Amino acid sequence: MAALAQARQPELEEIIKSTGFFRNKAKSLIGMAQAVVAEHGGEVPNTMEQLRALPGVGRKTANVVLGNAYGRNEGITVDTHVTRVSKRLSLTRHDDPVKIEQDLMRLIPHEDWTLVSHLLIFHGRQVCVARRPRCWECVLADFCPSAVF
Ligand code: SF4
């Protein structure tokens, strides 16, 4: 974390440039690392409030860190895949990630929140893809109101 806090932005941009939006991400990563070093002794904090106070960290990123690094099911990660798959499965009618997360948290047992985030993201990447969902090989097709064959 100390090394990241002192990194030169162009050097970091070079390392992460395949991820897209790499200039903003590099800036946020350095700012985040500086804040973690200055305010948390170099340890990534483990509460939603403290994580969200870091540069570049919103509820989505905080959920990923809390669920995977700290084993805490604070919420469900809502990215573009989770949004699309949840809407196709009629688990939500909302477009706003916060409202989608609330709908999913009402439907899914608390202990499964981190796992389900991974499953929905993986399903959205591999099967329920954006352009032409692969409904013919989808294990959820019998339950899905959007299934097309
Ligand atoms: S049946 Fe089709 S639309 Fe529904 S979840 Fe599966 S891939 Fe997505």
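Student: What is the right way to read the overall build of the chain from this model?
Tutor: Looking only at helices and strands, the chain features 8 helices and 0 strands. In the chain, the order of α-helices and β-strands from amino to carboxyl end is α-α-α-α-α-α-α-α. Expressed as lengths along the three principal axes of its C-alpha atoms, the size of the chain is roughly 55 × 30 × 20 Å. Looking at the chain residue by residue over its 149 residues, the buried ones come to 36%. Sequence separation of at least 24 residues holds for 46% of the intrachain contacts in the chain that already meet a minimum separation of 6. Taken as a whole, the chain presents about 9500 Å² of accessible surface, with 54% of it coming from carbon and sulfur. For the chain, the distance from the average position of its 19 positive side-chain charges to the average position of its 16 negative side-chain charges is 8 Å.

Student: Would you explain the layout of surface pockets in this entry?
Tutor: Gaps between atoms show up when a probe of the same size as a water molecule is rolled over them. Within this model, the largest pocket holds a volume of roughly 470 Å³. Forming the boundary of the largest pocket are 18 residues, of which K25, L29, G56, V57 and T61 lie nearest the centre. Those elements that place two or more of their residues in the lining of the largest pocket are α3 (22–40) and α5 (59–69). Broken down by element, the lining of the largest pocket gets its largest block of residues, 5 residues, from α3. Partitioned by chemical class, the residues of the lining of the largest pocket number 10 nonpolar, 5 polar and 3 charged. Of the volumes computed, that of the second largest pocket is approximately 210 Å³. Along its surface, the second largest pocket is lined by 13 residues, and V64, T77, D79, H118 and I121 are the ones closest to its centre.

Student: What am I meant to see in the site of the ligand here?
Tutor: Neighbouring the ligand are R88, L89, H123, C128, P133, C135, C138, A141, C144 and A147. Its residues placed into classes, the shell around the ligand shows 8 nonpolar, 1 polar and 1 charged.

Student: Just to check I follow, could you spell out the packing of helix α6 (residues 80–88) against helix α8 (residues 113–126) for this structure?
Tutor: The relative placement of two packed helices is expressed as an angle between their axes plus a distance between the axes. Relative to each other, α6 and α8 sit at 85°, their axes nearing to 8 Å. Considering the angle they form, α6 stands roughly perpendicular to α8. Side by side, α6 and α8 meet where H81, V82, R84, V85 and S86 of the first sit next to S117, L120, I121, H123, G124 and R125 of the second. In the contact of α6 with α8, the residues fall into 4 nonpolar, 5 polar and 2 charged.

Student: I would appreciate a short explanation of the side chain of R88 in the present structure.
Tutor: Relative to the assigned elements, R88 resides in helix α6. Put simply, R88 is tucked away with no salt bridge, and the nearest opposite charge, on D95, sits 11 Å away. Leave out the neighbours within four places in its chain, and R88 touches C128, V129, A130, P133, C144, P145 and S146.

Student: Is there a simple way to explain the nonpolar core in this structure?
Tutor: Generally speaking, a soluble globular protein has its nonpolar side chains buried in company with each other. In terms of nonpolar packing, the biggest core is built from 14 residues, with I76, V82, V85, L104, I108, V116 and L120 touching the most fellow members. Taken together, the elements giving at least two residues each to this core come down to α6, α7 (97–107) and α8. For this core, the element with the highest residue contribution is α8, accounting for 4 residues. Contact partners of I108, with chain neighbours within four places excluded, come to I76, W113 and V116. M32, V36, V57 and L66 belong to the second-largest nonpolar core, a separate cluster that totals 9 residues.

Reading guide: rules and limits
- Residues numbered from 1 in each chain as written.
- Predicted model: local features only at pLDDT ≥ 70, side-chain atom pairs only at ≥ 80, totals over all residues.
- Heavy atoms only, no water.
- Helix = DSSP H or I, 4+ residues; strand = E, 2+ residues; numbered from the N terminus.
- Buried < 20%, exposed > 50% of the residue type's maximum accessible area, 1.4 Å probe, protein only.
- Contact = heavy atoms within 4.5 Å.
- Areas by Shrake-Rupley, 256 points an atom, 1.4 Å probe, with all protein chains shown as cover.
- Lys, Arg positive; Asp, Glu negative; His and termini not counted.
- Charge placed at Lys NZ, Arg CZ, Asp CG, Glu CD.
- 1 Å grid on protein atoms, 1.4 Å probe; cavity = no way out; pocket = protein on both sides within 12 Å on 5 of 7 lines; lining within 4 Å.
- Points joined across faces, edges and corners; volume = space filled by probe spheres on them.
- Nonpolar A, V, L, I, M, F, W, Y, C, P; charged D, E, K, R; others polar.
- Near = heavy atom within 4 Å.
- Axes fitted to C-alpha atoms, helices over the stretch in contact; angles between N-to-C directions.
- Parallel < 35°, antiparallel > 145°, perpendicular 65-115°, else oblique.
- Salt bridge = Lys/Arg side-chain N within 4 Å of Asp/Glu carboxyl O.
- Core = buried A, V, L, I, M, F, W, Y, C linked by side-chain atoms within 4.5 Å.

Purely geometric numbers; function is a separate question.
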